[in-house]
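Understanding the architecture of this molecule
Chain by chain, the residues run as shown.
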Amino acid sequence: MCGRYALFRWNRDFASLPGFPADQQAQWNISPNDSVLMLRAELDGQRTLARARWGLTPPWLTDLSRTPAHARAETVAEQPMFREALRLRRCLLPANGFYEWRGNVRKRPYWLTPGEGASLFFAAIWEAYPVQEQVWLSTAVITQPAASQRRPLILDEAGQAAWLDLETPLHVLQGLLASEPAALRERVLANLVNDPKLNGPECLTPA
């Protein structure tokens, strides 16, 4: 399961998008409940960025300790918690890569990325949660099976455009949800990243 990822590098075009926070800092060890950047398309098609809490919070939710960080690609279109967001509120989460833990007795962290210097986008859904006069945004990553793990659904440029377009028909979305896992490079890491409070380049220290 993708429980941690990182966004520490972005290009000038990304930083020029509407909504890019002026105080955005590198995040090397993003965990559920953290504040993350999400990319959405407005009604006019313009792409904008916003900050959101990683943990989906629909406005009807009363138990705020149960905010899912993930939604399964196989069932997201059917589950009441997610199906309306899939239809109306789709977004992308930018990342440079994500972490995966493997092993039976002593799990080791791995860093997965498309390549050095590359970026990727996770398919996700979002919700708005009103509190008095303020509206909080939240999000959940779509995951898919990959070998013995579950990984984020990573979309290429065409898939990103289709995912963000509210006019995309359901059968096209279902095709994206059923797509093959992306080819990724991986590197085994030292255990420094196991500390969720650590937020620096040392998270990527090789084993």
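Bear in mind that the values here come from a model prediction, so they are computed numbers and not experimental data. (Residues numbered from 1 in each chain as written. Predicted model: local features only at pLDDT ≥ 70, side-chain atom pairs only at ≥ 80, totals over all residues. Heavy atoms only, no water.)

1. As for empty space enclosed by the protein
This structure, assessed with the given rule, holds one cavity of 30 Å³ or more. Its boundaries defined by the atoms lining it, the largest cavity holds a volume of some 50 Å³. Lining the largest cavity, in full, are Q144, R151, P152, I154, P181, A182 and L184. Split by residue class, the lining of the largest cavity holds five nonpolar, one polar and one charged. (1 Å grid on protein atoms, 1.4 Å probe; cavity = no way out; pocket = protein on both sides within 12 Å on 5 of 7 lines; lining within 4 Å. Points joined across faces, edges and corners; volume = space filled by probe spheres on them. Nonpolar A, V, L, I, M, F, W, Y, C, P; charged D, E, K, R; others polar.)

2. Some details on the packing of aromatic side chains
With the rule as written, the count across this model stands at nine aromatic pairs. Ring geometry for F8 and W28: centres 4.0 Å apart, planes at 5°, overall stacked. Remark: W28 occurs in strand β2 (residues 27-30) and F8 occurs in the loop between β1 (4-7) and α1 (12-15); sequence separation between them is 20 residues. Under the relative-accessibility criterion, F8 is labelled buried at 15%. Ring centres of F98 and F122 lie 6.1 Å apart, and the angle between their planes is 75°; this geometry places the pair in the edge-to-face category. Taken as a pair, F98 in strand β7 (residues 97-102) and F122 in strand β9 (residues 120-131) lie far apart in primary sequence, 24 residues in all. On the basis of relative accessible area, F122 is assigned to the buried category, the value being 0%. Through pairs of rings, three or more aromatic residues link up here, namely F8, W28, Y99, W101 and W111. Over the ring of W163 we find R90; its NZ or CZ atom is 6.0 Å from the centre of that ring. (Phe/Tyr/Trp six-rings, centres within 6.5 Å; stacked < 30°, edge-to-face > 60°. Helix = DSSP H or I, 4+ residues; strand = E, 2+ residues; numbered from the N terminus. Buried < 20%, exposed > 50% of the residue type's maximum accessible area, 1.4 Å probe, protein only. Lys NZ or Arg CZ within 6 Å of the ring centre and 35° of its normal.)

3. Quick notes on the layout of surface pockets
Considering only enclosed or pocket space, the largest pocket measures out at about 240 Å³ in volume. Lining the largest pocket are 15 residues, and of these R53, T57, W136, L137 and S138 lie nearest its centre. Breaking the lining of the largest pocket down by element, the ones donating at least two residues are β4 (47-54) and β10 (134-146). Per-element accounting of the lining of the largest pocket gives the leading share, five residues, to β10. Across the lining of the largest pocket, the residue classes tally to six nonpolar, six polar and three charged.

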